[in-house]
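Read off the chains here:
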Amino acid sequence: MKIATIVGARPQFIKAATVSRVLRKTDGLHEVLIHTGQHYDANMSEIFFKELQIPEPDYNLEVGSGPHGKQTGLMLDRIEQLLLKEQPDWVLTYGDTNSTVAGSLAATKLHIPTAHVEAGLRSFNRRMPEEINRIATDHVSDLLFAPTQTAMELLKREGLADRARFTGDVMFDSILHYKQMVTEAHRPQSLGDLQDYYLATIHRPENTDDPQRLKNIFMAFSELNKAVVIPLHPRTQKLIKKGGVPLGENVKIVEPVSYLQMIYLLKHCSMVLTDSGGLQKEAYFMGKMCVTLRDETEWIETLENGWNVIVGADREKIVQATQGRKAGRQTEAFGDGRAAEKIVEIIKNEEIHR
Ligand code: UD1
């Protein structure tokens, strides 16, 4: 059975690595790896393949950056041609990026069974491009792998219960696997001798493309009582320069880091401040409290018992959320660390009739 995996952006390399590892050691399964080229800088793409020991992609469609319509359109065109050539039995897509929606749409129109990993996530904020990608991908895909029971419930509400399967979260599997490999060698050099710091990331358009929100966030960072280490996405780098955003001396901007370096930073930080969905969960898995710089979260399980709080881009709330925090017990909402095994087992045995 031939399975075409479609990836394109940083978080998908991590998720796919975990499933591919299981898939490639399962008898009777053969994977074709397609990289759309959405992320192309070495520190946004290549480094992940090397470090996570993902085989080189069989194809790189070199789509690159661009407005949503153009980027997604180019992907659709190139993925369709490739699927016609490769004729896979299944197409596997991950998460909520433009590569996800392009992959699932191209496949399903060619009547190729399509499975979506990390299905059923909703922020209910229709201004987020990822929200539109998730809704479209879930509704066209044949099998929906839900990371949590909340996701299962949301899929049911949208009439998709018969296609939904609870597997747990592949990112939980991933942290369990890769955290054992992290050593002092993964400490980013740019950290110098810094020991006590908050770890922050910002890349969501709702923050980066709104100069006031971006300024508020960085003003709050500058007021915090210790260093703030920010591995910065290229999009935010550019906008900070353009917007003349003032940075306090405690704010330490570093280049984007690899996955193992990120796990190192998580392990040693005192708290996480982020607008990333993935990092909210990774903080949780690593036992660190999180401050979410958005107005909502898809990962509501992380809010339980004080592990995560939502503060938007409100300067005072951001500062307050770093002070006097305590967290309680964690839930087992993200599965048992065997999501990838379950996904591969289901794909192997499921027959799709249209
Ligand atoms: C994408 C995903 C987002 C995901 C994020 C992970 C969509 C709609 N968004 O956002 O859900 O959380 O990836 O990182 O698919 N750029 C570079 N080098 C690169 C890649 C991007 O410089 O290798 C810069 C370019 O200026 C580009 C901008 O980042 O225009 C945006 O890149 P794009 O891939 O469109 O979206 P992301 O913000 O990375």
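To be clear, the structure that these remarks concern was listed above.
Residues numbered from 1 in each chain as written. Predicted model: local features only at pLDDT ≥ 70, side-chain atom pairs only at ≥ 80, totals over all residues. Heavy atoms only, no water.

## Here's the deal with the site of the ligand
Of all residues adjacent to the ligand, which total 21 residues, the nearest are Q38, H39, E130, H233 and K238. Measuring from an oxygen atom of the ligand, one finds a backbone N or O atom of D41 at 2.9 Å. Measuring from an oxygen atom of the ligand, one finds a backbone N or O atom of N98 at 2.9 Å. For the shell around the ligand, the elements supplying multiple residues, two or more each, are helix 1 (10-24), helix 3 (68-86) and helix 10 (234-243). With three residues, helix 10 is the largest single contributor of residues to the shell around the ligand. Of the residues that constitute the shell around the ligand, the class distribution is five nonpolar, nine polar and seven charged. Taken domain by domain, the makeup of the shell around the ligand includes at least three residues from each of domain 1 (2-169 + 335-352) and domain 2 (183-321). (Near = heavy atom within 4 Å. Polar contact = N/O pair within 3.5 Å; in protein donor to acceptor, adjacent residues only side chain to side chain. Helix = DSSP H or I, 4+ residues; strand = E, 2+ residues; numbered from the N terminus. Nonpolar A, V, L, I, M, F, W, Y, C, P; charged D, E, K, R; others polar. Domains from an automatic or database assignment.)

## Examining the pairing of strand 6 (residues 143-146)
Every second residue of strand 6 is oriented toward a common face, with L143 and F145 on one face and L144 and A146 on the other, all of them buried. Pairing of strand 5 (residues 114-117) with strand 6 involves three bridges; the strand directions are parallel. Looking at strand 6, one finds that H116 is bridged to L144. Relative to strand 7 (residues 164-166), strand 6 runs parallel, the two being bridged by three bridges. Residue pairing for strand 7: F145 is matched across the bridge by R165. In the classification by handedness, the crossover that spans strand 6, the intervening helix 6 (residues 149-157) and the parallel strand 7 is right-handed. (Buried < 20%, exposed > 50% of the residue type's maximum accessible area, 1.4 Å probe, protein only. Pairing = 2+ DSSP bridges. Right-handed = clockwise from strand over helix to strand, strands pointing away.)

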